[in-house]
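# Structural overview
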Amino acid sequence: MLFAPQEDSNQDESKKSQLLSFLLAGLAFSLFTYFVFAAADYHWDWSSIYEYRQKFVNGWLASLLVSLAALFVSLLVGAATVIIQKSRFLPLRYSATIYVELVRGTPLLVQILFLFYVVADSLGLDNRYVVGVAALSLFSGAYISEIFRGAIESVGKSQLQSAKAIGLTHYQTYRYVIFPQALRRSLPALAGQMANIIKDSSLLSIIAIREFTLNAREVSALTFSSFESYLPLALGYLILTLPIMRMARVIEKRIRFET
Amino acid sequence: MSVSSVLKAAIAIATLVGLVACGGNDSRTGPLVVGMELAYPPFEMSDKNDQPIGISVEIARALGEHLGRPIKIENIPFDGLIASLRTGKIDLIISSMTATEQRAKTIDFSDPYLETGLCLLVSKDSDIQEIGQLNQPGRKVAVKNGTTGHNYAANEITAADVLLFDKESEAVLEVSQGKVDAFIYDQMSTYKNWTKRANTTRAILKPFKKENWAVGIKKGNEELRLQVNEFLRTFKAQGGFEKLGDKYLAEQKEAFAKLGYPFYF
Amino acid sequence: MNIELQGISKTYGSARALEGLDLSIEDSKCLALIGPSGGGKSTTLRLLAGIEKPTTGEILIDGSSLSNADEHLREYRKSIGIVFQAYNLFPHYSALENITLPLTKVHGYSEEDSIERARELLRRFHLLEHANKKPAELSGGQNQRVAIARALGHKPKLLMLDEPTSALDPEMTAEVLEVIEELVEGQKDVIIVTHQMGFAKRVADQVAIIADGKVAETGPPNQIFENPESNFTRRFLSRVLKY
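Quick look at the structure, then. (Residues numbered from 1 in each chain as written. Chains lettered and ligands numbered in written order. Predicted model: local features only at pLDDT ≥ 70, side-chain atom pairs only at ≥ 80, totals over all residues.)

### Looking at the overall build of chain A
A tally of helices and strands in chain A yields 10 helices and zero strands. Along chain A, helices and strands appear, N-terminal first, in the series α-α-α-α-α-α-α-α-α-α. Taking 259 residues into account, the globule formula puts the C-alpha radius of gyration at 18 Å, and chain A, at 23 Å, lies well above it. Going through the 259 residues of chain A one by one, you find that 36% of them count as buried. (Helix = DSSP H or I, 4+ residues; strand = E, 2+ residues; numbered from the N terminus. Rg over C-alpha atoms; globule rule 2.2 N^0.38 Å. Buried ≥ 20, exposed ≤ 12 C-beta atoms within 10 Å, placed from the backbone.)

### Describing the environment of Ala60(B)
Residue and element names in this part refer to chain B. The topology assignment puts Ala60 in helix α2 (residues 55–67). Accessibility expressed as a C-beta count within 10 Å gives 25 for Ala60, which makes it buried. A C-alpha to C-alpha distance of 20 Å links Ala60 and Asp79, two positions 19 residues apart in sequence. With residues up to four places along the chain from it excluded, the contact list for Ala60 reads Val34, Ile71, Ile73 and Ile94. (Contact = placed C-beta atoms within 7 Å.)

### Focus: the interface of chain B and chain A
The interface of chain B with chain A comprises 29 residues on the first partner and 27 residues on the second. Counting residues per element, the ones that place at least two in the side of chain B that touches chain A are α1 (3–21), α3 (81–86), α5 (148–156), β9 (161–165) and α6 (168–176) of chain B. Here the element with the most residues in the side of chain B that touches chain A is α1(B); it accounts for six residues. Of the residues that constitute the side of chain B that touches chain A, the class distribution is 14 nonpolar, 10 polar and five charged. (Nonpolar A, V, L, I, M, F, W, Y, C, P; charged D, E, K, R; others polar.)

### Topic: the interface of chain A and chain C
Taken together, the contact between chain A and chain C spans 18 residues of the former and 19 residues of the latter. Looking at the side of chain A that touches chain C, the elements that each hand over two or more residues are α7 (157–165), α8 (170–200) and α10 (227–258) of chain A. In terms of residue class, the side of chain A that touches chain C is built from seven nonpolar, eight polar and three charged.

### Quick look at helix α5 (residues 108–123) of chain A
Residues and elements named next belong to chain A. Most pronounced at Leu115, the bend in α5 amounts to some 35°. Along α5, the residues that are buried comprise Ile112, Leu115, Phe116 and Ala120. Check the buried side of α5 and you find it contacts α6 (128–154). Gly124, located one to two residues past α5, shows a positive phi value of around 75°. (Bend = angle between axes of the 7 residues up to and from the residue.)

### Quick word on the sheet that holds strand β6 (residues 80–83) of chain C
All names here are of chain C. Read from one edge of the open sheet, six strands run β6-β7-β8-β3-β9-β10, paired in mixed fashion. Bordering the open sheet on either side are β6 and β10 (214–219), each of which pairs with just one other strand. Averaged over neighbouring strand pairs, the angle between their axes works out to 15° when direction is ignored. Those strands touched by helix α1 (residues 41–48) are β3 (30–34), β7 (158–162), β8 (189–193) and β9 (206–211), and its axis lies near 145° from that of β8. (Pairing = 2+ DSSP bridges. Axes fitted to C-alpha atoms, helices over the stretch in contact; angles between N-to-C directions.)

### What to know about the arrangement of the chains
When the two pairs of chains in contact are ranked by number of contacts, first place goes to chains A and B. Here chain B and chain C are not in contact; the least distance found between their C-alpha atoms is 36 Å.

So yeah, pure geometry; function would need other evidence.
What follows is the structure in structure tokens.
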């Protein structure tokens, strides 16, 4: 009962054996973790961490908000970039390409520092949260534009021919045929990107944005307890990313059925 | 999951546990592992070939000679030093670390070997003259994560915004760009940072809180603690600190003398 | 309908699909284009439908020439109905929405009018119960009937079908061909590319054999099938009608 059904068999994995297998795997992981820490001769001290729980909550919320804002803006950035990349005015098209390649080819850390201490400083923009969201959005926007581009190009030639045959204009073809399909197809990758944004937001600590990782590191520094701070940190990120990953899988399955 | 894969996993776990268990470094004759963050010149830094150099490195080597044991320097971020000591990854911390009460709860300290104090780096046109003016709503105070300045701010700076940085360099940059009002740090570094950015910053070197640097030792390792204390006494008596000060800190010594601040080294 | 193709050639990159094709059809209700695969039938249909432009040559439909201007071609496409081999329905819309989309966005129908028209067509093709299903939930034959309904939505005089049954099994093929036969009887003009010789024989009033980018022979079906003039037609028909 602990085996997945073979591909050609029609027997379904029962809920019970699924749960059992899952618990077994979970137990193995827990045991492993327990033994590793036990062997490291580490003295746990959760009391001082508990004192700082508000810092964890605040940091977690800050990471969530910053990531949501960045996701929203990066969707706009990604869409704008892909439209510009399809533009027939070449200088515009190449600027979009240069932006995408620069962003994808350099570390986010460097981009954050450059944006905050060089660009924002010369523009007189002092709000580090605004700059942080901007940096994260520009970074993620480049990846999202590639996701969009791939999805648009995956809409088959026959669909375009069909749109032409029924007399849709160029704009209508994008509006009613290409975009709705491309958006659906890019949803799984977008969900993955959201998980990336959440994890990448930890780099904003470099410009003293009080997000989850920085606050956990602060607690760790103030209480001299690393693992007690980093375990809640890992858990906090999992709480955010696991449902997103799960959602991505569900969407992926549904789309496969639809097309 | 099949029986054989359960078995495989168990073997893997056992192997790993064994590896971790052997990781400790308790032997009295093996190398003495000293942890420090090589990002705090002239005390802890690395040369062009990435070799550790600086005052703390020389102190560590002198200690090794004194004990007749080879020395191994581990470069570890400042906020990870105490955890490394607690888990036995390193034997000693010599990293310009202040012996605070709070730290003393989790690790032991040797006798102090240097006295310094917290002071302020402010931007050139700031009206700040002393720490009292900082703790007000709307003010922004930069600190480096895990330093005594951070600790001080966490406890004393309640009204102003405390901004936490991983790296000293960013905190200094923030001051020089006027993004924060002040950076709380030790005298020696504040002086150094000010000389580097003299046209955008101003140093208020008068310490508002005195502190002592000491060697960090794993809690309960009384034997090593006594050995280190004995070494520090001899090293001082032989004028070792004096020599290191002349070698690395001649300029600071002079400047502090001119300003009338005490310079203990 | 009257169709006139003069000296049509069409190249894709270095590949030549049509080479100096001439075709003249007068007063036909149903024209069937048949011939070997890769011979140029589908290309001819796409040119007639205004989806592609010929490299050289002129096309006249009922006496008026198809221009090369995009906007003019779009206006022309709006006046006819086109059905493809692989249905080419929009997978993100339901059967009903596939039919209403061109009506509201291209032909200026109101929302209610377009739905009423779509439901009327679906009822006619026995698909009303499937109105809200997506293409992925329908069989090939059902999808092709939805595609025909979509092409008929704006009541075009002329319907063009490009191998509408090639992707279907025999039962579904019959189901779709019946619909097309009804349309011809119902006073629609039809141009169809097909491999179904029986259908061409029974429903078409004109047949054109297209091979190697040229027209091999044209004529009414009884002449083409019973008494072909060219050797090529005779060999081709004997091969396809053997089994």
